[in-house]
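Structure assessment
Now for the letters of each chain:
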Amino acid sequence: MINFLKDWSINIAIIAIFITILEIIIPKGSLKGYINVIIGLILIIVLINPFINLISNNIDIEKEVFANVNSYNEENSVVKESFKELQKDQIIKTYKEKVKKNIISLVESESKYKVENINITINLNENEKDFGKLMKLKLTLNKHREKNRSNIKIEDVEVNISETFNNKNYKLTNDKKILNILSDNLNIDSNNILIYINQ
Amino acid sequence: MEILQIVGIGLIATVLSVILRQEKPEFALQVSVVTGIIIFLFVITKLTYVVQVLNNLAERVDIDFIYFSTILKVIGIAYIAEFGAQISKDAGEGAIAAKIELAGKILILVLSIPILIALLDLIIKIMP
């Protein structure tokens with residue numbers, strides 16, 4: 001009990017000094033009254049805060065203030081909603097590009113193939129736990145690495161992968177080495193990786 | 001001895017302004033605006049020390065940082081609004097000065113509303 005009183009009186013003393021300094025630095029004019037109101041509110045909060053803690057542990061005034069600040073901000077943020085969507089799209093796009101680049105550098109450094117085309121499917125359901133996880137990966141590799149080195153092509157991501165490669169030049173490969181490297185590094189099941197090789 | 005510099009700048013500007021006011025009143029206004037900004041910049045760095053002390057005090061008390069930042073924002077708004085209003089008044093535009101002060105009051109009110117509402121909620125909750 002004596003500690004409680006001690007803390008409380010120290011708080012009051014410090015807030016008194018605090019307010020005195022504030023009184024010196026606030027500009028004198030018509031706005032002074034408004035500032036005094038806010039200072040008074042804060043003084044009340046500091047005075048009754050220990051009693052609130054004493055009476056009930058459930059009430060948290062700081063949370064209350066934050067809730068009020070947030071509700072004010074939320075009202076303001078309706079316009080920002082469209083910006084948020086835009087930002088989310090951009091983030092997903094950047095993420096996909098990074099993943100693709102990562103895969104390309106991985107494949108090209110670990111094998112003798114050159115990446116011709118790359119197609120990834122990413123879990124875009126925000127509510128799920130593994131949001132952003134790589135679901136499927138379809139790679140087209142070229143055996144002749146040195147040829148047409150310059151025209152690497154990154155196609156847009158398609159969620160639907162049901163289409164099949166009809167071109168006879170492309171052959172599905174079971175190269176364990178590449179599959180293992182990819183599944184280890186990207187945390188994706190090797191059954192979900194399809195690799196075609198351009199003969 | 002910053003006070004000598006500031007007083008020197010102030011006196012020179014005052015003399016210039018008085019001389020210019022008879023010839024070209026619009027330049028006199030500009031002189032007073034620039035002088036105000038220079039003096040403000042001189043002391044604004046000193047003010048950081050005061051703010052630091054206040055910060056230390058605020059950390060020692062149990063009050064949360066949000067109150068402190070609110071107070072600082074309010075003081076900043078008050079200073080800037082006051083500054084602008086004075087300049088407008090000097091130029092003889094009392095109406096614009098009043099509008100600037102009105103804007104300052106509204107912004108201060110908006111900042112203080114979360115604290116006010118929180119206090120009210122709190123008092124209602126304490127009631128048995």
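Residues numbered from 1 in each chain as written. Chains lettered and ligands numbered in written order. Predicted model: local features only at pLDDT ≥ 70, side-chain atom pairs only at ≥ 80, totals over all residues.

Our next topic: the overall build of chain A. Looking only at helices and strands, one finds 5 helices and 4 strands in chain A. Each helix and strand of chain A, ordered N terminal to C terminal, gives the series α-α-α-α-β-β-β-α-β. Out of the 199 residues belonging to chain A, those deemed buried represent 15%. If you take every contact in chain A between residues at least 6 apart in sequence, the share linking residues at least 24 apart comes to 64%. (Helix = DSSP H or I, 4+ residues; strand = E, 2+ residues; numbered from the N terminus. Buried ≥ 20, exposed ≤ 12 C-beta atoms within 10 Å, placed from the backbone. Contact = placed C-beta atoms within 7 Å.)

Looking at chain B as a whole, the pLDDT averages 85, with 96% of positions reaching at least 70. The ipTM, which scores confidence in the relative placement of chains, is 0.74 for this predicted complex, and the corresponding pTM is 0.52. (pLDDT = per-residue confidence, 0-100.)

Right, let's talk about the nonpolar core for a bit. What tends to happen in soluble globular proteins is that the nonpolar side chains get buried as a cluster. Ile35(A), Ile38(A), Ile42(A), Ile71(B), Val74(B) and Ala78(B) are the most contacted members of the largest nonpolar core, which totals 27 residues. At the level of secondary structure, the elements contributing two or more residues to this core comprise helix 1 (2-25) and helix 2 (32-55) of chain A together with helix 3 (65-90) and helix 4 (94-126) of chain B. With 8 residues, helix 3 of chain B is the largest single contributor of residues to this core. Residues contacting Ile71(B), with those up to four places away along its chain left out, are Leu22(A), Ile38(A) and Ile42(A). (Core = buried A, V, L, I, M, F, W, Y, C linked by C-beta atoms within 7 Å.)

Next up on the list: the interface of chain B and chain A. On the side of chain A, 34 residues touch chain B, which itself brings 36 residues to the contact. Elements with a contribution of two residues or more to the side of chain B that touches chain A: helix 2 (25-60), helix 3 and helix 4 of chain B. Top contributing element to the side of chain B that touches chain A by residue count: helix 4 of chain B, with 16 residues. Class assignment of the residues belonging to the side of chain B that touches chain A gives a composition of 25 nonpolar, 3 polar and 8 charged. (Nonpolar A, V, L, I, M, F, W, Y, C, P; charged D, E, K, R; others polar.)

All names here are of chain B. The interhelical angle for the contact between helix 1 (residues 2-23) and helix 2, taken along N-to-C directions, is 170°, at an axis separation of 8 Å. By the criterion of interaxial angle, the relationship of helix 1 to helix 2 is roughly antiparallel. The residues of helix 2 that touch helix 1, namely those facing Glu 2, Ile 6, Ile 9, Gly 10, Ala 13, Leu 16, Ser 17, Leu 20 and Arg 21, are Pro 25, Phe 27, Ala 28, Val 31, Ser 32, Thr 35, Ile 38, Ile 39 and Phe 42. Classifying every residue of the contact of helix 1 with helix 2 gives 12 nonpolar, 4 polar and 2 charged. (Axes fitted to C-alpha atoms, helices over the stretch in contact; angles between N-to-C directions. Parallel < 35°, antiparallel > 145°, perpendicular 65-115°, else oblique.)

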